[in-house]
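Chain by chain, the residues:
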Number of protein chains: 2
Amino acid sequence: MKLRPLIRVCLSTVLIPQFKVEDYVVVVIDILRATTSFAVALHRGASEVRPVPSLRACRALRKQGYLTAAERGAQKVPGFDFGNSPYDFLEADLQGKKLAITTTNGTKALWAVRGAKKVVTGAFVNMSALLHWLRQQDEPILLVCAGWKDQVNMEDTLFAGAVATELEGDFRVNDDATLIAMSLYQLAEHRKKYYLEHSAHFDRLVELGMQQDVKYCLRRDLHPVLPFYRDGTLVDLLSVQV
Amino acid sequence: MKLRPLIRVCLSTVLIPQFKVEDYVVVVIDILRATTSFAVALHRGASEVRPVPSLRACRALRKQGYLTAAERGAQKVPGFDFGNSPYDFLEADLQGKKLAITTTNGTKALWAVRGAKKVVTGAFVNMSALLHWLRQQDEPILLVCAGWKDQVNMEDTLFAGAVATELEGDFRVNDDATLIAMSLYQLAEHRKKYYLEHSAHFDRLVELGMQQDVKYCLRRDLHPVLPFYRDGTLVDLLSVQV
């Protein structure tokens, strides 16, 4: 009998070197707000979303026809088209447009796993599309929490625990980080909002007036897309395949 | 009103550089089995317990009058006085003796936090002594999980969560790693054995025939000592102060 492939959780980008990413299909998770915004922008019709680490890199892409998104201290940076809030993209006409977006944790995580078999991004807003696709992969899966400033965070761990719990029938769990994330999800399942409201990043975002963003990032299955990372950019694998 | 000091959890030795250890009283945690064995040996009367990273370093201390403890692959290494099982020290006459003991994760964690305000080690077997002493510290506390081969593990996270939960009234919690450890403890409190039996390290130890050791490492308050780290070695702060 063939053994089911493993599913594992990496709790912080700092821990990525502990994994041989070449052996895995990797899901990068940065719920507040990068991987949520990626899903929104692709669902709104963007032909690609290119995460970049700096304002300078983002600005440079403008000259190549990209729309640009940049935020610092919760404010849209002057000279860019959008901030980084999911709401910015919900209301925008992105059909067929290329979008460059600055993120720190998310870009760092994507770069660190670039040698993986395949790389996609996940968030609550595209969770079912992600689960459906992962079930079709007959490979070990690594769920990478981008975290916040290299620290383990609540919202990414909770999402990783949710995904591992949903996939437990099809994949094998045999390490403690994954069990910890799944336990957390088990505890939080019916109290997700309560849990996240006690997370450090939540407080930070609320202080910055972004409570609406946080609520949005916790809603499930609003955007049935699958952001697939190749050549440094994300495309929606579901619409590309159609 | 004076703010209560912080209590934080570092989930793996790899994450230690994210903390400015100079600002903290640090507790190193390596439940299976290093910090458990340290407590046993000190309670049995050892005048000091010196953790060293290699067989060679351990052997060298023999010439300086140390008893030596070393294990590889669950077997006592020939030429050393003890293995690393808590049971080895329970049955030994250690009164006034110096003991050198090889550990990998534990030694690495102790070395990595050597710049902290104070460094002690904790385990379930000396938990109440630890809690009592920590409550007297008017400094931020960092609970460092040694983990296993740099990965986050269940037993150390659970213990950190237990300590943070017990101290929550006297200290402040404001980061996600600590909340995650506390949630795990909350879920596992009445099912600690169940939880640890599902941990990866547990399986490994049971396969090696060390189920008794694991059970011992989960018992609480058998050894009311406080292993205090200075000049590369551990002494029992409680008997030194008397």
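Look up: the structure comes first, before these words.
What to know about the overall build of chain A
Counting its regular elements, chain A contains eleven helices and eleven strands. Compactness check: chain A gives a C-alpha radius of gyration of 17 Å against a globular reference of 18 Å for 242 residues, within 12% of the reference. Taken over the C-alpha atoms alone, chain A extends approximately 55 × 40 × 30 Å along its principal axes. Relative to its 242 residues, chain A shows a buried fraction of 59%.

Observations regarding the relation of the copies chain B and chain A
Superposing chain B onto chain A takes a rotation of 180 degrees combined with a translation of 0.0 Å along the rotation axis, leaving an RMSD of 0.0 Å. Seen this way, the second copy is the image of the first under a two-fold rotation axis. When the interface residues of chain B are mapped onto chain A, 100% of them are again interface residues, pointing to one common binding face.

Here's the deal with the interface of chain B and chain A
Across the boundary between the two partners, chain B contributes 30 residues, which contact 31 residues of chain A. In this assembly, chain B packs against chain A so that about 2300 Å² is buried in total across both faces, 62% of it on carbon and sulfur atoms. Contact with chain A buries area across many residues of chain B, yet Gln151, Asp176 and Ile180 of chain B alone supply 25% of it, more than any other trio. The interface formed by chain B and chain A contains zero salt bridges. The tally of links between chain B and chain A comes to two residue pairs in polar contact (both at pLDDT 80 or more). Breaking the side of chain B that touches chain A down by element, the ones donating at least two residues are helix 6 (154–167) and helix 7 (176–188) of chain B.

Thoughts on the packing of helix 6 of chain B against helix 7 of chain B
Residue and element names in this part refer to chain B. Following both chains from N to C, one finds helix 6 and helix 7 inclined at 95 degrees, their axes separated by 7 Å at the closest point. The orientation of helix 6 relative to helix 7 falls into the category roughly perpendicular. Contacts between helix 6 and helix 7 involve Met154, Thr157, Leu158, Gly161, Ala162, Ala164 and Thr165 from the first element and Thr178, Ala181, Met182, Leu184, Tyr185 and Ala188 from the second.

Quick look at the side chain of Asn126 of chain A
All names here are of chain A. For Asn126, the location among the structural elements is in the loop between strand 8 (118–122) and helix 5 (127–136). Owing to a relative accessible area of 0%, Asn126 belongs among the buried residues under this scheme. Apart from residues lying up to four places away in sequence, Asn126 is in contact with Ala39, Thr121, Asp221, His223, Val225, Leu226 and Pro227.

Quick look at the side chain of Asn84 of chain B
Residue and element names in this part refer to chain B. On the secondary structure map, Asn84 appears in the loop between strand 6 (75–76) and helix 3 (86–90). Looking at Asn84, the relative accessible area reads 11%, which means it is buried. One polar contact links the side chain of Asn84 to the main-chain carbonyl oxygen of Thr102, over a distance of 2.8 Å. Here Asn84 is in contact with Arg33, Ser37, Ala69, Ala70, Glu71, Phe89, Ile101 and Thr102, once residues within four sequence places are set aside.

Here's the deal with helix 1 (residues 34–43) of chain B
All names here are of chain B. Across the ten residues of helix 1, nine count as buried, placing the element largely inside the fold. Of the residues making up helix 1, those classed as buried are Ala34, Thr35, Thr36, Ser37, Phe38, Ala39, Val40, Ala41 and Leu42. At the C-terminal side of helix 1, Gly45 shows a positive phi close to 105 degrees.

A few points about the pattern of salt bridges
It is possible for side chains of opposite charge to pair when their charged atoms get near one another. For the coordinates displayed, the defined rule picks out 20 salt bridges over all chains. Salt-bridge contacts for Asp175 of chain A lead to Arg8 of chain A; the nearest nitrogen and oxygen are separated by 3.7 Å. Placement of the pair is Asp175 of chain A in the loop between helix 6 (154–167) and helix 7 (176–188) and Arg8 of chain A in strand 1 (residues 7–10), with a sequence separation of 167 residues. Among the residues examined, Arg8 of chain A registers a relative accessible area of 17% and is labelled buried. For the salt bridge of Arg135 of chain B with Asp170 of chain B, the shortest nitrogen-to-oxygen distance reads 3.2 Å.

Looking at the packing of aromatic side chains
Counting across every chain of the model gives ten aromatic pairs over all chains. For the ring pair Trp133 of chain B and Phe228 of chain B, a centre distance of 6.4 Å and an interplane angle of 80 degrees mean the geometry is edge-to-face. One end of the pair, Trp133 of chain B, is in helix 5 (residues 127–136); the other, Phe228 of chain B, is in strand 10 (residues 227–230), with 95 residues separating them in the sequence. A relative accessible area of 6% means that Trp133 of chain B is categorised as buried. The ring centre of Trp111 of chain A lies 3.9 Å from the NZ or CZ of Arg114 of chain A, which sits over that ring.

Side note on the environment of Asp176 of chain A
By secondary structure assignment, the location of Asp176 of chain A is in helix 7. Considering only alpha carbons, one finds Asp176 of chain A and Phe80 of chain A, 96 residues apart in sequence, at a separation of 43 Å. A distance of 2.7 Å separates a polar side-chain atom of Asp176 of chain A from the backbone nitrogen of Met154 of chain B.

Regarding the packing of helix 5 of chain A against helix 6 of chain A
Residues and elements named next belong to chain A. Remark: helix 5 packs on helix 6, axes separated minimally by 11 Å, with the N-to-C direction vectors making an angle of 45 degrees. Here helix 5 lies oblique to helix 6, going by the angle between them. Seen along the crossing, helix 5 lies across helix 6 with a hand that is right-handed. Touching Met127, Leu130, Leu131, Leu134 and Arg135 of helix 5 are Phe159, Ala162, Val163, Glu166 and Leu167, all from helix 6. Class assignment of the residues belonging to the contact of helix 5 with helix 6 gives a composition of eight nonpolar, no polar and two charged.

Things to note about the pairing of strand 9 (residues 141–145) of chain B
Residues and elements named next belong to chain B. For strand 9, a buried count of five out of five residues is recorded, marking the element as mostly surrounded by other parts of the structure. Here four bridges tie strand 1 (residues 7–10) to strand 9, and the two strands are oriented parallel to one another. Residue pairing in the sheet places Val9 in a bridge with Leu143 of strand 9. Where strand 2 (residues 25–29) and strand 9 come together, five bridges link them in parallel fashion. Among the inter-strand pairings, Val28 is bridged to a residue of strand 9, identified as Val144.

Parameters and conventions
- Residues numbered from 1 in each chain as written.
- Chains lettered and ligands numbered in written order.
- Predicted model: local features only at pLDDT ≥ 70, side-chain atom pairs only at ≥ 80, totals over all residues.
- Heavy atoms only, no water.
- Helix = DSSP H or I, 4+ residues; strand = E, 2+ residues; numbered from the N terminus.
- Rg over C-alpha atoms; globule rule 2.2 N^0.38 Å.
- Buried < 20%, exposed > 50% of the residue type's maximum accessible area, 1.4 Å probe, protein only.
- Least-squares fit on C-alpha atoms with pLDDT ≥ 70 in both.
- Contact = heavy atoms within 4.5 Å.
- Buried area = accessible area lost by both parts, 1.4 Å probe.
- Salt bridge = Lys/Arg side-chain N within 4 Å of Asp/Glu carboxyl O.
- Polar contact = N/O pair within 3.5 Å; in protein donor to acceptor, adjacent residues only side chain to side chain.
- Axes fitted to C-alpha atoms, helices over the stretch in contact; angles between N-to-C directions.
- Parallel < 35°, antiparallel > 145°, perpendicular 65-115°, else oblique.
- Phe/Tyr/Trp six-rings, centres within 6.5 Å; stacked < 30°, edge-to-face > 60°.
- Lys NZ or Arg CZ within 6 Å of the ring centre and 35° of its normal.
- Left-handed = near helix turned anticlockwise from the far one by under 90°.
- Nonpolar A, V, L, I, M, F, W, Y, C, P; charged D, E, K, R; others polar.
- Pairing = 2+ DSSP bridges.

Note that every value here comes from positions in space, so none of it alone points to a role or purpose.
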